[in-house]
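Breakdown of the fold
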Amino acid sequence: YQRRVHGVQEMETARRMNSNITVMVWEDGGYGLISWKQDTQFGRHTNLGFGNPNWRLLAESFGWHFETTDRSKELEDVLKRAIAHEGPSLVVIPIDYRENLLLTERLAQID
């Protein structure tokens, strides 16, 4: 089941209702996927960057459990802990879309 959290007021509701929900944020400091697509198609992209809140402080301010990792090997354990937590959990995963450009270049070289 997939649902988007549309605002921080929903975080308060989830805590008050003690909902067993795990929300995953892919943090890329902007609209990274759109930037990658524009780079691929046009050779450049518009200004799509923006700042993010301190996710840990945001989660803790609403009484949520918080998890993060920048190591793919740890992701399974992070998700298991978040899902096992009684009440709402926020999982933040940094994403670097520059890897997509490298993959695109490698795939273009395949005959």
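The preceding data block contains the structure.
What you are looking at is a predicted structure, and each value in this text was computed from that prediction instead of being measured.

Okay, helix 2 (residues 32-42) next. Every buried residue of helix 2 is accounted for by Gly32, Ser35 and Gln38. Projected down its long axis, helix 2 carries its buried residues within an arc of 120 degrees, all on one side. Following helix 2 by one or two positions, Gly43 has its phi on the positive side, about 80 degrees.

Moving on, we come to the pattern of salt bridges. In a structure, side chains of opposite charge can pair up when their charged atoms sit close to one another. Summed over the entire model, instances satisfying the criterion amount to four salt bridges. With its nearest N and O atoms 2.9 Å apart, the salt bridge here joins Glu67 to Arg81. In this pair, Glu67 is assigned in strand 2 (residues 65-68) and Arg81 in helix 4 (residues 75-84), connecting sequence segments 14 residues apart. According to the relative accessible area criterion, Arg81 is partly exposed, its value standing at 44%. When the shortest N-O distance is used, the salt bridge between Glu76 and Lys80 registers 3.1 Å. Placement of the pair is Glu76 and Lys80 together in helix 4, with a separation of four residues, close to one helical turn.

A few words now on the side chain of Gln38. Along the chain, Gln38 turns up in helix 2. Apart from the residues within four sequence positions on either side, Gln38 is in contact with Gly43, Arg44, His45, Thr46 and Leu48.

What follows concerns the nonpolar core. Grouped together as the largest cluster of nonpolar side chains are eleven residues: Met11, Ala14, Val23, Val25, Trp55, Leu58, Ala59, Trp64, Phe66, Leu90 and Val92. Within the residue set of this core, elements represented by two or more residues are helix 1 (8-16), strand 1 (22-27), helix 3 (55-61) and strand 3 (89-94). A total of three residues in this core trace back to one element, the largest contributor, which is helix 3. With residues up to four places along the chain from it excluded, the contact list for Phe66 reads Trp55, Arg56, Ala59, Leu90 and Val92.

Right, let's talk about the environment of Asp77 for a bit. Along the chain, Asp77 turns up in helix 4. Sequence-wise, Asp77 and Glu67 are ten residues apart; in three dimensions their C-alpha atoms are separated by 10.0 Å.

Reading guide: rules and limits
- Residues numbered from 1 in each chain as written.
- Predicted model: local features only at pLDDT ≥ 70, side-chain atom pairs only at ≥ 80, totals over all residues.
- Heavy atoms only, no water.
- Buried < 20%, exposed > 50% of the residue type's maximum accessible area, 1.4 Å probe, protein only.
- Helix = DSSP H or I, 4+ residues; strand = E, 2+ residues; numbered from the N terminus.
- Arc of directions from axis to C-beta.
- Salt bridge = Lys/Arg side-chain N within 4 Å of Asp/Glu carboxyl O.
- Contact = heavy atoms within 4.5 Å.
- Core = buried A, V, L, I, M, F, W, Y, C linked by side-chain atoms within 4.5 Å.

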